[in-house]
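# Structure assessment
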Amino acid sequence: MHLTFMGAARTVTGSKHLLDTGAHKVLVDCGLFQGLKDLRQRNWEALPVRATEITSLVLTHAHLDHCGYIPRLVAQGFKGRVFCTPATAELARVVLMDAAHLQEEDAERANRKGYTRHQPALPLFTERDAVRALELLQPVGYQRPMPVAPGVTAEFLDAGHLLGSSYARVFVEPSNKTILFGGDLGRYGRPVLPDPTPVTAADYLLVESTYGNRIHEQDDDGARIAQIIRETADRGGKVVIPAFALGRVEELLYWIDRLEERRQIPVLPVYVDSPMAATVLAEYRKRMNELDPEIAAMAAPGTGHVVAERRMCAFCTSKLTVVSTIAESRAVQESNTPSIVISASGMATGGRVLHHLARALPNPRNTVLFAGYQAAGTRGRQLKDGAKFTKIHGVEVQVAARIEAIDSMSAHADANEIMRWLGHFQTPPTTTFLVHGEVEPMDALRARIEKELGWRVRTPGHLERLEIT
């Protein structure tokens, strides 16, 4: 039995882990590489396994770096089932169709405006590929073991990272080995999402290391975001927040709503300008019973008039507008009225937020606020690191706006939270594989686990194939 690390190996994106039992091949996650050009180029390279040889796919959650390659795999001939939680299935429909649309749109714009080296520029996959991929989704509830290949059973456990997110506990016969594929690990004591489910045993473990050398800012009960909003409003500017459409929008709205209630910020127009974010927001409202107990209580029957009112407008603010049309989006871009604009993508790599940034960045009254991880090579990382110019749609844009970042809103566990989660194991895994992290944080976490827990830890390289004995 072997594991091949086809993505998220000593880098953050592109999660793909191939389990080869000798008789069948099961792929856990199938994500896109993002960030640096050398990484993005891997999306175009052939996999070390034919798509037709893969029996099935197990999907931990719907973020693009975990599910975004599925349409391309389908275009290459994959025809197996894609097992995931029901909420992941719904969110994956949104994510993959949006990604396919953007792929086709970006290729068309590059060809029309001539800023491409490829003649013609082609999308990585099409909307037709995405539709075919969605036909393969097989929803499975949490903690319900499901055969995913002959002799291979998978069970989903709530990871607390995103609505529907999970780790996949895979049991393989006849070796009777359990491999826990960690996906992305959520956080403790955060609003909106529940804490990650504790796990006490696994023969082999894959766990993320995105923040393996960092501790998130302490929760300040919204004080920092309140200060940023107040100062920007006092300057007569906008707060533009590039936000991950899956999950981050909901937490931002949660905090803005509460800060308004406490009168810690002025009541400003709040625009959610992302078709995908709007659909995801509706899904969160529909599945409130799967969220943090505080929010899940609002979905429970017989909870009183006040809670009923909150339930009718979960994740709302006093002046919330969910932008639906391109014309409405342009009007928001051109407006000089102080406001808060939340738009995807979270690392400012594409989507409508680029149009808002092109307008907002040259104006020193405005603030661009990053509320999540910014991978190396992304526009978000460049701006966060102090770039004075950035290229948007082939045009150099001056950066005069204030750039701020709040890491406390990250949906990824930090080093202490990872160690807290590992502390639930009653016996150490035979081997713990660190994935989904850049080299420095990954090596730091490895050293800490070895020192504090005494576990055997490995950090596999890209395409490394290791035997599971």
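Preceding this section is the structure that the text describes.
The shown structure was predicted, so the numbers you read here are calculated from the model rather than taken from an experiment.

## Description of the overall build of the chain
Of regular secondary structure, the chain possesses 15 helices and 22 strands. Relative to the globule expectation of 23 Å for 469 residues, the C-alpha radius of gyration of the chain, 22 Å, shows essentially globular dimensions. Expressed along its principal axes, the backbone C-alpha trace of the chain runs to roughly 65 × 60 × 40 Å. In the chain, buried positions account for 57% of the 469 residues. Counting only contacts in the chain whose residues sit at least 6 apart along the sequence, the fraction spanning at least 24 positions is 74%. When the accessible area of the chain is evaluated, it comes to approximately 19100 Å², of which 49% is carbon and sulfur surface. Averaging the positions of the 54 positive and the 54 negative side-chain charges in the chain gives two centres separated by 4 Å.

## With respect to the sheet that holds strand E5 (residues 82-84)
Backbone-to-backbone hydrogen bonds pair the strands of a sheet. The strands run either parallel or antiparallel. Here 7 strands make up an open sheet; going across it, the order is E6-E5-E4-E3-E2-E1-E22 and the pairing mixed. A single partner strand is all that each edge strand has here, and the edge strands are strand E6 (137-139) and strand E22 (465-467). Strand after strand, the sheet turns through a mean of 25° between neighbouring axes, direction not considered. Judged from the 3 bridges that link them, E5 and E6 form a sheet pairing that is parallel. Following the sheet pairing, Phe83 is matched in E6 by Gln138. Running at roughly 150° to E6, helix H4 (residues 86-113) makes contact with E5 and E6 of the sheet.

## Considering helix H8 (residues 275-286)
Helical periodicity: at 3.6 residues per turn, an α-helix aligns residues three or four positions apart in one direction. In a regular helix each residue adds 1.5 Å, so 12 residues correspond to 16 Å; H8 covers 17 Å between its end C-alpha atoms and thus fits that length. Looking at the buried positions of H8, the neighbouring elements they touch are H4, helix H7 (248-261), strand E13 (270-272) and strand E14 (320-322).

## Some words on the packing of aromatic side chains
Both the distance between ring centres and the angle between the ring planes are used here to describe each pair of aromatic rings. Taken as a whole and assessed by the stated rule, the structure comprises 8 aromatic pairs. Taking 5.4 Å as the distance between ring centres and 90° as the angle between the ring planes, the aromatic pair formed by Tyr254 and Trp255 counts as edge-to-face. With a relative accessible area of 9%, Tyr254 lands in the buried category. Residue class for Trp255 comes out buried when judged on its relative accessible area of 5%.

Calculation notes
- Residues numbered from 1 in each chain as written.
- Predicted model: local features only at pLDDT ≥ 70, side-chain atom pairs only at ≥ 80, totals over all residues.
- Heavy atoms only, no water.
- Helix = DSSP H or I, 4+ residues; strand = E, 2+ residues; numbered from the N terminus.
- Rg over C-alpha atoms; globule rule 2.2 N^0.38 Å.
- Buried < 20%, exposed > 50% of the residue type's maximum accessible area, 1.4 Å probe, protein only.
- Contact = heavy atoms within 4.5 Å.
- Areas by Shrake-Rupley, 256 points an atom, 1.4 Å probe, with all protein chains shown as cover.
- Lys, Arg positive; Asp, Glu negative; His and termini not counted.
- Charge placed at Lys NZ, Arg CZ, Asp CG, Glu CD.
- Pairing = 2+ DSSP bridges.
- Axes fitted to C-alpha atoms, helices over the stretch in contact; angles between N-to-C directions.
- Expected span 1.5 Å × (residues − 1).
- Phe/Tyr/Trp six-rings, centres within 6.5 Å; stacked < 30°, edge-to-face > 60°.

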